[in-house]
Amino acid sequence: MTQRPTPQDRPAPVSPADAPKRQARNSAALWTATGRCRGHEVVRRRGFVAVDGDERAGLRVLIQEPDLDPGELAEVSGLVRGAKGPVNVEDPFSSTDLGHLGMRNWQMPVMLRPPGPVGRPALDVIRVRRPEDLQAAERIVIEGFELDAFEPHRPGELFPAALIEQPGVDVFVALCDGVPAGAGVSVLDDGVGSHYWVGTSSAFRSRGVGRAVMLGALGHLADVPVTLTASKLGRPLYESLGYTVASPSTWWAADPAAP
């Protein structure tokens, strides 16, 4: 018989006010693991974490605090200006102005789900362990998110083989009639889970694949609070799974040809 968790075993609750910082930490955990698996430079400061990649992977900056000091802001600016590929900056606090860098920006909500029961997915969802399944997930995400920088596809470039060996990182694939149809990544770090790259192959849209991926991943995170950053299209699905909006997150991006 499964023993009930004691109060000491239960995860600490995460309030909406805490959600931006917990999302920031979780996202940094994912990108640090990914960068190291790719052999890219990881820059860690009090106020931000940056993963500086090549012409295809580009630069990813994860703002970690709402109050970057002038030196940190100058370092972020220098990294952006010197990036060899596309640039993406995540600011879950919406407090760091990068307008001087000429990047486009938009907002998406940070959402929070408390621990709670999770339903069973209507499709088979596997936790990836085999190289061929990881490559299938990689292809689905590249297609679903239109990651043109990763075309033509080079297996292991977006999702290195070592990624699924990193503590707390899991990749999931949903199967429709035995065919990989959707994929997503979940990260458990410091008692909080989060989701990334939840995508569906174009051949399987509007068939409940995204919901299946989310339920399959949530089944492993039911006992902990979970955050995510939601796109406009994904938000209704996440709300139906018990997520609520905690705060706005601001994203900044630039292509290699941009100023």
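Everything here concerns the structure above.
Note that the structure is predicted; figures quoted are calculated from it, not measured.

Draft legend 1. View of the packing of aromatic side chains. Scanning all chains against the criterion turns up four aromatic pairs. When the ring of Tyr 238 is compared with that of Tyr 243, the centres are 6.1 Å apart and the planes differ by 65°; the resulting orientation is edge-to-face. One exposure class covers both Tyr 238 and Tyr 243, and it is buried.

Draft legend 2. Region of the structure containing the nonpolar core. The biggest cluster of nonpolar side chains holds 28 residues, and the ones touching the most others in it are Val 141, Leu 147, Leu 158, Phe 159, Val 171, Val 185 and Trp 197. Those elements giving two or more residues to this core turn out to be α1 (19-38), β2 (48-52), α3 (131-144), β7 (169-176), β8 (179-189) and β9 (192-200). Listed in part, the 22 residues of the second largest apolar core include Val 198, Val 209, Leu 237 and Leu 241.

Draft legend 3. Layout of the pattern of salt bridges. Here the structure, examined in full by the defined rule, presents 15 salt bridges. One network of salt bridges, with partners in common, ties together Lys 21, Arg 25 and Glu 65.

Draft legend 4. Seen up close, the pairing of strand β4 (residues 87-91). Counting buried residues in β4 gives four out of five residues, a clear majority hidden from the surface. With four bridges joining them, strand β3 (residues 59-63) and β4 adopt parallel strand pairing. In the strand pairing of β4, Leu 59 is matched with Val 87. Note on the crossover from β3 through helix α2 (residues 70-81) to β4: the handedness is right-handed. In terms of strand pairing, β4 meets strand β11 (residues 244-254) through five bridges, oriented antiparallel. Residue pairing for β11: Val 87 is matched across the bridge by Ala 254.

The rules behind these values
Residues numbered from 1 in each chain as written. Predicted model: local features only at pLDDT ≥ 70, side-chain atom pairs only at ≥ 80, totals over all residues. Heavy atoms only, no water. Phe/Tyr/Trp six-rings, centres within 6.5 Å; stacked < 30°, edge-to-face > 60°. Buried < 20%, exposed > 50% of the residue type's maximum accessible area, 1.4 Å probe, protein only. Core = buried A, V, L, I, M, F, W, Y, C linked by side-chain atoms within 4.5 Å. Helix = DSSP H or I, 4+ residues; strand = E, 2+ residues; numbered from the N terminus. Salt bridge = Lys/Arg side-chain N within 4 Å of Asp/Glu carboxyl O. Pairing = 2+ DSSP bridges. Right-handed = clockwise from strand over helix to strand, strands pointing away.

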